[in-house]
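Observations on the model geometry
What follows is each chain in one-letter form.
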Amino acid sequence: MSEIKLAAETRTEFGKGAARRIRRDSKVPAVVYGHGAEPVHITLPGHELLLALRTPNVLLSLDIEGKTQLAIPKAVQRDAIKGFLEHVDLLLVKRGEKVTVEVFVQTEGELAPGSFLLEHVLNTLTVEAEATHIPESVTVSIAGLEAGASIHAKDIPLPKGTTLAIDEDAVVLQVLSAQAEEPTEGEAAGEAAAEA
């Protein structure tokens with residue numbers, strides 16, 4: 001996992017008006033907290049932060065007044081309509097420190113031939129990993145699975161140094177048999193009339 005460096009500025013103005021002014025300058029208000037330290041209110045460059053957040057569980061190297069600190073995104077608030085970043089909460093981390101994060105579950109392979117559906121019971125898996133080695137996702141093979149098959153959290157291969165942080169018997173994926181819908185009375189009557 002690569003670190004993305006961002007220059008941060010501390011901020012002393014708070015409230016909606018101050019946040020609007022920050023966003024007008026193409027920046028994003030944020031707060032950095034963790035390790036028992038007082039929260040630090042900062043602004044980050046909007047475009048660079050938006051690009052960085054495209055990587056799940058990205059590790060940010062923040063330059064705050066000449067001091068470099070590592071952080072991961074904990075909460076991201078976006079405008080519901082326009083999608084721009086409104087505010088970001090960042091959690092301070094240290095090299096070697098373990099953190100609990102959610103990683104996306106990806107599948108590879110094809111289900112067995114037939115009318116089967118794959119249900120994602122969980123789209124993400126909660127894992128514990130070193131802050132500087134957080135996996136972006138985990139991949140599991142579904143090749144040849146048939147109806148009734150399920151994949152539990154313990155069945156998903158994890159990268160070295162990563163451990164499960166949820167119940168190992170939690171169902172992540174399951175294969176269902178596709179059900180043909182019964183025609184309604186009106187449709188059945190229409191089909192019978194069309195055949196006559």
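To be clear, the structure that these remarks concern was listed above.
A few points on the structure.

Scoring rules and cut-offs
- Residues numbered from 1 in each chain as written.
- Predicted model: local features only at pLDDT ≥ 70, side-chain atom pairs only at ≥ 80, totals over all residues.
- Heavy atoms only, no water.
- Pairing = 2+ DSSP bridges.
- Helix = DSSP H or I, 4+ residues; strand = E, 2+ residues; numbered from the N terminus.
- Axes fitted to C-alpha atoms, helices over the stretch in contact; angles between N-to-C directions.
- Contact = heavy atoms within 4.5 Å.
- Salt bridge = Lys/Arg side-chain N within 4 Å of Asp/Glu carboxyl O.
- Buried < 20%, exposed > 50% of the residue type's maximum accessible area, 1.4 Å probe, protein only.
- Polar contact = N/O pair within 3.5 Å; in protein donor to acceptor, adjacent residues only side chain to side chain.
- Core = buried A, V, L, I, M, F, W, Y, C linked by side-chain atoms within 4.5 Å.

**Here we look at the sheet that holds strand β3 (residues 37-45)**
With mixed pairing, the 6 strands of this closed barrel are ordered in space as β1-β3-β2-β6-β5-β4. Direction aside, neighbouring strands of the sheet carry axes that sit 45° apart on average. In terms of strand pairing, strand β1 (residues 3-10) meets β3 through 2 bridges, oriented antiparallel. Bridged to E9 within β3 is T43. Helix-sheet contacts for helix α1 (residues 16-24) involve β2 (27-34), β3 and β6 (85-93), and the interaxial angle to β2 is about 120°.

**Quick look at the pattern of salt bridges**
Summed over the entire model, instances satisfying the criterion amount to 2 salt bridges. Two residues, K27 and E9, come together in a salt bridge whose shortest N-O distance is 3.0 Å. Of this pair, K27 sits in strand β2 while E9 sits in strand β1, and the two are 18 residues apart along the sequence. When the shortest N-O distance is used, the salt bridge between D169 and K154 registers 2.9 Å. Here D169, found in the loop between β12 (163-164) and β13 (171-177), pairs with K154, found in the loop between β11 (150-152) and β12; they are 15 residues apart in sequence, far enough to count as distant. We classify K154 as partly exposed; its relative accessible area is 46%.

**Comments concerning the side chain of N57**
With respect to the helices and strands, N57 occurs in the loop between α2 (46-52) and β4 (59-64). Polar contacts involving the side chain of N57 include one to the main-chain carbonyl oxygen of E102, which spans 2.9 Å.

**Thoughts on unusual backbone geometry**
Phi at E65 is positive, roughly 50°, even though this residue is not glycine. Relative to the elements of secondary structure, E65 occurs in the loop between β4 and β5 (67-78). Taking the relative accessible area as the measure of exposure, E65 reaches 64% and is therefore exposed.

**Focus on the sheet that holds β13**
In space, the 3 strands of this open sheet follow the order β8-β13-β11, with antiparallel pairing throughout. The two strands at the open ends of the sheet, each matched to only one other strand, are β8 (116-120) and β11. Neighbouring strand axes in the sheet, compared pairwise and without regard to direction, differ in orientation by 10° on average. Inspection of the sheet shows β11 paired to β13 by 3 bridges, in the antiparallel sense.

**Remarks on the pairing of β13**
Inspection of the sheet shows β8 paired to β13 by 5 bridges, in the antiparallel sense. Across the sheet, the residue bridging to L117 is L176, located in β13.

**So, the side chain of T43**
Secondary-structure assignment places T43 in strand β3. The class of T43 is buried, set by a relative accessible area of 6%. Sequence-distant contacts of T43, that is, excluding residues within four places in its chain, are made with A7, A8, E9, R11, I22, K27 and V28.

**Section: the nonpolar core**
Ranked by size, the top nonpolar core spans 21 residues in total, and within it I72, L125 and I156 carry the most contacts. Of all the elements in the fold, those that place two or more residues in this core are β5, β6, β7 (98-108), β9 (124-130), β10 (137-141) and β13. For this core, the leading source of residues is β7, giving 4 residues. If we ignore the near neighbours within four places in the chain, the residues touching I72 are V58, L59, D89, L90, L91, V93, V99, V101 and I134. In this structure, L6, V32, I42 and L53 belong to the second largest nonpolar core, which totals 19 residues.

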